[in-house]
Amino acid sequence: MADRDLWDRWHAVADRFSDPRLTIAGREIRVLGREKTIILAVVIQLFVAAFAGFLVVGLVSLYDPGSVDGYQIDAAVTGDATNEMLAAIDDRPAIDGTRYATTSDAYADFQDGTVNAVFQTTRVDDRIQVVMTAPDGSIETTLVVSEGQEALRALERNLRAERADSLSNPPLPLPPDTGGNPYYDFTYTILLPLLLFLPVFISGSITVDSLTAEREQGTLELLRVAPVTMIDIVDGKSAAMIAIAPIQAVAWMGLLSLNGVAVANIGWLVALVVAVTAIVVALSVAVSLLAPDRRSAQLLFSVGILLFFAGATLLPGGPANTAARLAIDSATLSTRLVVLIYGGVGVAAVGAVRRLATRIDPNRL
Amino acid sequence: MRRIDRLRNRLATAGRRLRRIGRIARWELGQSTSSYNRRTLAVVAVLVVIVGSVGASTVALGVASPAPNTDIYRVGVAADSPYNAVIEDNAALTARQPDRTALATGEIDLLVGGVRQATAGPGPRSPTLLVEAADGQKGAAALTAFRSAVQSYNDRAMALESNQTAAYPVVVELQYLPQSTLGPAAPTDAGDLTDDGETESGGDEDNTGSDGTDTDATDPTTNGTVGEANGGDGGDTSDSPDSDADAPPVGDGNGGSLLDRALFGGATSGSPAEIQPPFPFGSLLLAFLFLVPMNFVIQSYGSSVLNERISRRGELLLVAPIERLDIVAGKTLPYAAIAIAVTVGIAAAIGGGVVSVFAVVPIALTFLAATFLGAMFARSFKELTFVTITITVFLTSYVFIPSIFTNVTPIALISPLTLVVMELQGEAVSLGSYLFSTGPFYTSAAVLFLLGTGVYREEDMFSQKPVPLKFLDALDARLSGVRSVGVLTALFLPFVFIAELLAIAVLFVLPIEVSIPLLLVVIAAVEEVAKSIHIFAGFESDRFDRSVPTALLLGAASGVGFFVAEKFTAVAQLVGLPDLQLGQAALQPAGIGIAPSTTLLLLAGPLVLHTVTAGISALGARKRLRWYLVSLVAATAIHAAYNLGVVTLYG
């Protein structure tokens, strides 16, 4: 008896707080879960992340010798400028230079694999000519070439410094090479924005499908007898879609942190994702209400979102750059201001779309 | 007479079919253009104009910052320092007040200090800039970025110098030669590319330099022919009459494998700054352009196919006296034509040639085929959207990412886009590499269309079944007797090939001790699934009786089909993939890349293996899904053990 009483009371409370918009939003999310489409979406993003991660690892190990621990290049140096070349090679910790008296000895050792590179030097009127030989068709080729290039640049710098008097603008001294990862910013400027804004795009796309399917199946006509208005439907569907994007974004940032990529300003990043999702979802609602049919709506949405991101990227403080600067912890006051501006635009866009929804007659759709 | 009549009849039928396909294509085209009405297109045009003008004005005003890495590294530098110009030129760097406490609190990442002059003792012979970096990876990365910014600033300054000998005191020529550990590969041709190489600033100097001493080295014909006469080892040329003893050996590139030519990415001569490690960045970006319009085409195509199903308009087509294949061909034709036209247009715009077009067309066909099958499976437009996104993401990564490694490893050739990159770099593409990279795409597009056409029938088009069940239906639609099982297994081979190559590409970064065993298991699993999934589909739809002899018969048929089809992977040999250790692991169990004396044993081995393991999984497939999975694991284990044995025996 008491149970029944409690149950009734719970219903009374639930009724008081229940809102058709929340019901619609809940239904949207349940449908997504049932169709397993959201799982597919997450799997896709995981695939992107894995492949991009593979790309980072691959790029770093292929193009940055410093990242391959203990990899040492042995180089043979011959010819009349051997001293200068060996001095330049001394600057590079990853290369060991050895003096060879004759070129044929050097190439014989190269053939045997005793050395990985040969620098054959010749002096020709005030210049040093170097023929650099790298192994053909092996994974190490790129390492050898890029590290050999660094040694040659060191040689060039040394010679330029000697001849600074003959130059009108002597080169600026270089800072030392400490072997920082040259692809460090790739994660922040490409991968992280991709992972943050892919859910945004998916949310917008689902909104278009959900609204236009409702319209084409004629279910919007039932509104005439249901106690919900067009605004409730738009609100409910938008709320559900705006809610799922930041959840995915937070998951990605968590995954990145687990992988040792420190992500700063998570709160601001979530705010940015919410703001951009609001703009995109508002765009997709407007498109699905105004376009004559589903295919036009999808086309307009695809073009619209492409142009939105292209246009916003051209502006100072585009979404990708803003996200990168927040995540890498180089944000300034203006970066945070940009997030607030995105928020303002998002609120304005949602407001405008709601006004549009009041003017639309569901029966005429 | 009779034969001519028959021929005439056949021609007439073919003509009728072509006319029907053409009619459906015209109808499809009219449908899709009318659904994008004028107002929609006008809105699109207005949007493009607005964004275009905003973009153009920001670029004109100089406030545009399209680089996503704008201002990510903050450098503390005095206002009067010459390094301000460096920072201004580089998008990723931004100048801040030089403040040591800011460095400690993480407000700035680098602090530019004074200059230390070169010393006579050990250490660099040129002045060094003292820079303090913040702790951690970011500080180190910022320093590396700053260093390369200074370097490119200096390069630009040197190009303006009047005394070019002092500005460019070093001239480099880069050449690639095989080492003996790699086997007798053909020597390469460094001299030939010298002429095409980028020698903008140091161009004339380089030419004079080459004339000075290296005549022998840069002359490909004389040394090359001598090298070949010596037995092709390309090694010591000291015994050749027309070159002095100190000249480096230079071989002849015309007979070299594709890999040798693929290595010539960047410039191979000039000042040290101009030497490029082989990384074809520009060509890659251009190649990516080909993929962008495909997404729009498949979106339109997919919704047209699904619309037919949801509005049940397809029913009218089905009752018309037209073959299903003709309907599908007619519906696809306009989209394929648009995709090909766009491809040709892009190729013309970016300077690609026939090879680019012929490399991208199979990608476009695969996009369309996958979308068609996806649209046949999807239950709603929402589901279709996800299917489309999946196809886009998967195919884009599959074709784009390997092509990044165009100049590094032959694995890159698994993607036809690599051929585009190679053509844009001015390299020749051999027929073997074309077949290797596009073959799987052509055949898998055909198989996907075939599967989709199989379910282009009333009971599948207008029913709401989950995607996996539809997939089993599509497989079952292709089965008729025991022989069809073998044929279907053979048809799966392109997918098996694609999956195995993808596994190689992904595992290729891991150390070889980890990647090879992992690869063997993945390959075994992929092959076992391909040999048994349709048998499972056949049992599930009660096409076959669930007796043990039937299962064994089907397994044997499947194994034989796979064995025969597998022989076609020999095309991989054409591009030198078996030279790679991972390639060996993948291909050796199939009897590829092994000396003929051992082939007889290896010919019988795979046949027995494939029939036995397919029989095991077919036995499991008779019962429910759970038993099928158990038997699949068992078959995979046996297969992986066999693969491991072969690789350790002959590896």
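Residues numbered from 1 in each chain as written. Chains lettered and ligands numbered in written order. Predicted model: local features only at pLDDT ≥ 70, side-chain atom pairs only at ≥ 80, totals over all residues.

When its secondary structure is counted, chain A shows 12 helices and four strands. In chain A, which comprises 365 residues, the share counted as buried stands at 48%. Within chain A, counting contacts between residues at least 6 apart in sequence, those at least 24 apart form 73% of the total. (Helix = DSSP H or I, 4+ residues; strand = E, 2+ residues; numbered from the N terminus. Buried ≥ 20, exposed ≤ 12 C-beta atoms within 10 Å, placed from the backbone. Contact = placed C-beta atoms within 7 Å.)

This next bit is on unusual backbone geometry. All names here are of chain A. The phi angle at Asn265 is positive, at roughly 50 degrees, despite the residue not being glycine. Structurally, the position occupied by Asn265 is in the loop between α8 (230–258) and α9 (266–290). Phi is positive for Asp329, close to 70 degrees, though the residue is something other than glycine. Tracing the chain through its elements places Asp329 in the loop between α11 (319–327) and α12 (333–359). Judged by C-beta crowding, with 17 C-beta atoms within 10 Å, Asp329 ranks as partly exposed.

Turning next to the packing of α9 of chain A against α12 of chain A. Residue and element names in this part refer to chain A. Running from amino to carboxyl end, α9 crosses α12 at an angle of 25 degrees, the nearest separation of the two axes being 8 Å. Judged by the inter-axis angle, α9 sits roughly parallel to α12. Here the hand of the crossing between α9 and α12 comes out left-handed. Residue-level contacts link Trp268, Ala271, Leu272, Ala275, Val276, Ala278, Ile279, Ala282, Val285, Ala286 and Leu289 of α9 to Arg336, Val339, Tyr342, Gly343, Val345, Gly346, Ala349, Val350, Val353, Leu356 and Ala357 of α12. Each residue belonging to the contact of α9 with α12 can be placed in one class, and the counts come to 19 nonpolar, two polar and one charged. (Axes fitted to C-alpha atoms, helices over the stretch in contact; angles between N-to-C directions. Parallel < 35°, antiparallel > 145°, perpendicular 65-115°, else oblique. Left-handed = near helix turned anticlockwise from the far one by under 90°. Nonpolar A, V, L, I, M, F, W, Y, C, P; charged D, E, K, R; others polar.)

A word on the sheet that holds strand β5 (residues 170–177) of chain B. Strand order in the open sheet formed by six strands is β2(A)-β1(A)-β3(A)-β4(A)-β5(B)-β6(B), with mixed pairing between adjacent strands. The open sheet has two edge strands, β2 (95–99) of chain A together with β6 (269–270) of chain B, and neither has a second partner. For β5 of chain B and β6 of chain B, the ladder comprises two bridges, and the chain directions are antiparallel. From the neighbouring strand, Glu173 of chain B faces β6 of chain B, where its bridge partner is Ser269 of chain B. Contacts from helix α6 (residues 141–162) of chain A reach β1 (73–79), β2, β3 (117–124) and β4 (127–135) of chain A together with β5 of chain B, with the element oriented near 170 degrees to β4 of chain A. (Pairing = 2+ DSSP bridges.)

Glancing now at helix α15 (residues 324–350) of chain B. Taking 1.5 Å as the rise per residue, α15 of chain B with 27 residues should run 39 Å; its terminal C-alpha atoms sit 39 Å apart, in good agreement. Along its length, α15 of chain B reaches its greatest deviation from straightness, about 35 degrees, at Leu333 of chain B, and the proline Pro334 of chain B lies no more than four positions downstream. (Expected span 1.5 Å × (residues − 1). Bend = angle between axes of the 7 residues up to and from the residue.)

Averaged over chain A, the pLDDT score is 80; the fraction of residues at 70 or greater is 84%. No element of chain A has a lower mean pLDDT than helix α3 (residues 37–63) of chain A, at 62, and none a higher one than α9 of chain A, at 92. (pLDDT = per-residue confidence, 0-100.)

Counting residues in hydrophobic clusters, the biggest one holds 106 residues, and the most contacted among them are Ala364, Phe367, Leu368, Ala369, Phe372, Val420 and Leu448 of chain B. It is helix α16 (residues 354–377) of chain B that contributes the most residues to this core, 15 residues altogether. Domain assignment of the residues forming this core places at least three in each of domain 3 (279–478) and domain 4 (479–651) of chain B. Every residue in contact with Ala369 of chain B, bar those within four places of it in the chain, is listed here: Ala445, Leu448 and Phe449 of chain B. Core analysis: the second largest hydrophobic core is formed by 91 residues, Tyr188, Val276 and Ala297 of chain A together with Val77 of chain B among them. (Core = buried A, V, L, I, M, F, W, Y, C linked by C-beta atoms within 7 Å. Domains from an automatic or database assignment.)

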